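In case you want the letters, here they are:
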Amino acid sequence: MKLPLLPTTVIGSYSMPEWLERAKNDYLARRLSKRDLDDMHEAVRKAAIKDQESAGIDIVTDGELQRDNMIDYFTERIPGVQVDLGSKRFYYDFYDVEVRSKLGTGSLGLTEEVKFLKRYTDHPTKVSVSGPHTLVKRIRNSFYKDEAEFAIDLGKALNRELKEMARAGATELQIDEPYYSGFPEDLPWAVKAINAATEGVDAHVTLHVCYGNRYGKPSFEGSYKYLFPTILDAKVHSLSLEFARRGEEDIQLFKEFKAPFTLGLGVIDVKTQDVESPALVADRIRRALEVVPAERLVINPDCGCVHLPRDVAFAKLAAMVDGTKIVRGELGK
């Protein structure tokens with residue numbers, strides 16, 4: 001499906017209802033069956049897709065509401081990672097996980113998300129995965145000589161899955177790496193791990209780098225300058241960054257370093273419940289257009305909407321779409 005100029009998308013997650021939080025905790029406490037929780041997940045994922053469509057989003061996700069968090073959903077699935085299933089009581093906490101041997105080669109089962117999206121929407125779709133650097137930071141390493149070697153193997157495991165997802169029909173894939181901003185010294189080997197994950201993947205791949213969104217708060221602060229020029233070696237098509245909360249000064253880095261990527265422009269601050277006006281969104285896009293041509297811009301929130309109330313998340317996405325339409329009109333599109 002042909003995308004419009006300045007296509008709109010989300011980073012991945014959508015608003016998490018409080019009733020689903022309670023259900024997830026009930027499941028951990030064995031007060032709710034997996035079948036009932038799966039039924040709830042299916043319903044809320046369908047609702048997330050519908051909300052995005054109704055808001056006018058061009059590239060939609062399933063809202064990722066079946067995921068407890070961006071770590072456990074993957075560590076539970078990676079062959080060779082040992083997970084202590086009794087180690088958390090609250091769904092958003094992290095399991096105690098450890099790698100004690102070389103990672104296996106089994107499927108992670110993520111093609112289910114691709115098939116789910118294809119079944120319930122005619123819109124272009126996107127599926128996100130947590131990147132090897134982020135996963136390394138949350139898995140206790142008792143086998144590999146160092147984090148770099150471990151991350152390369154994780155990248156290879158993700159590569160097999162990304163290829164499988166592409167074969168299942170995924171055309172837009174995203175790798176999330178928020179921990180780059182907390183450990184910039186890791187970037188040389190972290191980029192090599194990304195390249196291990198993306199090699200030969202027949203899909204449009206976006207690398208999302210933010211400053212964290214744990215409980216709706218940033219985990220790190222700073223400037224994206226640490227990414228350059230090392231990030232230019234990443235074998236990805238797009239780089240999605242947050243600008244709404246922090247301001248747009250770092251967009252100049254794309255000009256300074258002649259970055260070849262499409263820019264996923266964060267224009268919605270997901271760490272506040274204040275709803276941006278379409279005029280503010282349009283102004284943020286116009287300023288980005290002074291640096292990056294419209295053909296290389298994708299419009300998105302800074303990060304996932306998981307911590308926003310549903311009405312706020314929807315209003316923010318609708319404002320993002322309306323602001324984008326203002327600029328499209330000015331460009332004659």
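Scoring rules and cut-offs
Residues numbered from 1 in each chain as written. Predicted model: local features only at pLDDT ≥ 70, side-chain atom pairs only at ≥ 80, totals over all residues. Heavy atoms only, no water. Helix = DSSP H or I, 4+ residues; strand = E, 2+ residues; numbered from the N terminus. Expected span 1.5 Å × (residues − 1). Buried < 20%, exposed > 50% of the residue type's maximum accessible area, 1.4 Å probe, protein only. Polar contact = N/O pair within 3.5 Å; in protein donor to acceptor, adjacent residues only side chain to side chain. Pairing = 2+ DSSP bridges. Axes fitted to C-alpha atoms, helices over the stretch in contact; angles between N-to-C directions. Contact = heavy atoms within 4.5 Å. Core = buried A, V, L, I, M, F, W, Y, C linked by side-chain atoms within 4.5 Å. Salt bridge = Lys/Arg side-chain N within 4 Å of Asp/Glu carboxyl O. Disulfide = S-S within 2.5 Å.

**Some points on helix α6 (residues 147-167)**
Here comes step 1: The terminal C-alpha atoms of α6 lie 30 Å apart, and with 21 residues this matches the ideal 30 Å at 1.5 Å per residue to within 8%.
Here comes step 2: Listed in full, the buried residues belonging to α6 are F150, A151, D153, L154, G155, A157, L158, N159, E161, L162, M165 and A166.
Here comes step 3: The N-capping residue of α6, defined by a side-chain oxygen 3.3 Å from the backbone nitrogen of A148, is D146.
Here comes step 4: A positive backbone phi angle near 115 degrees is found at G169, which sits one or two residues after α6.

**With respect to the sheet that holds strand β3 (residues 127-130)**
Here comes step 1: The parallel open sheet is built from 6 strands, whose spatial order is β3-β5-β6-β7-β8-β9. Because the sheet does not close on itself, it has two edges, and the strands there are β3 and β9 (297-301). Sheet twist, expressed as the mean angle between neighbouring strand axes with direction ignored, is 25 degrees.
Here comes step 2: Strand direction decides the pairing type here: strand β6 (residues 204-209) and strand β7 (residues 238-241), joined by 4 bridges, are parallel. In the sheet register, V209 faces β7, and the bridge partner there is L241.
Here comes step 3: Packed on one face of the sheet, helix α10 (residues 310-330) meets β8 (262-268) and β9 and runs near 155 degrees to β9.

**Regarding the pairing of strand β2 (residues 96-99)**
Here comes step 1: Direction of pairing for strand β1 (residues 81-84) relative to β2: antiparallel, over a ladder of 4 bridges. Paired with Q82 across the two strands is E98, which belongs to β2.
Here comes step 2: Here β2 runs beside strand β4 (residues 140-141); their pairing, made up of 2 bridges, is parallel. The residue bridging V99 from the neighbouring strand is N141, located in β4.

**As for the nonpolar core**
Taken as a class, soluble globular proteins show a tendency for nonpolar side chains to be buried jointly.
Here comes step 1: Ranked by size, the top nonpolar core spans 104 residues in total, and within it Y180, L227, I231, F254 and L265 carry the most contacts.
Here comes step 2: Excluding anything up to four places from it in sequence, I231 contacts Y180, L187, V191, L207, L239 and F261.

**Description of the pattern of salt bridges**
Between side chains of opposite charge, pairing is possible as soon as their charged atoms come close.
Here comes step 1: Tallied over the full model, the rule gives 27 salt bridges.
Here comes step 2: Among the salt bridges present, the one from E221 reaches R245, with a minimum N-O distance of 3.4 Å. Here R245 lies in the loop between β7 and α8 (252-256) and E221 lies in the loop between β6 and β7, a separation of 24 residues in the sequence.
Here comes step 3: The class for E221 is exposed, based on a relative accessible area of 56%.
Here comes step 4: The structure contains a network of salt bridges with shared partners spanning K24, D68, D72 and K88.

**Regarding the state of the cysteines**
Here comes step 1: Applying the stated criterion to the full structure yields 0 disulfides.
Here comes step 2: Here C303 stays free of any disulfide, with the sulfur of C210 as its closest cysteine sulfur at 3.7 Å.
Here comes step 3: Here C305 stays unpaired: no disulfide links it, and the sulfur of C303, its closest cysteine neighbor, is 8.8 Å away.
Here comes step 4: Judged by its relative accessible area of 2%, C305 is buried.

**Observations regarding the environment of A294**
Here comes step 1: Of note, A294 is situated in the loop between α9 (278-289) and β9.
Here comes step 2: Through-space distance from the C-alpha of A294 to that of E256 is 18 Å; in sequence the pair is 38 residues apart.
Here comes step 3: In this structure, A294 is in contact with L5, L6, L289 and L331, ignoring residues within four places of it in sequence.

**Overview of the side chain of D250**
Here comes step 1: As for its placement among the helices and strands, D250 is situated in the loop between β7 and α8.
Here comes step 2: A polar atom in the side chain of D250 sits 2.7 Å from the backbone nitrogen of Y224.
Here comes step 3: In contact with D250, not counting residues within four places along its chain, are S223, Y224, K225 and F243.

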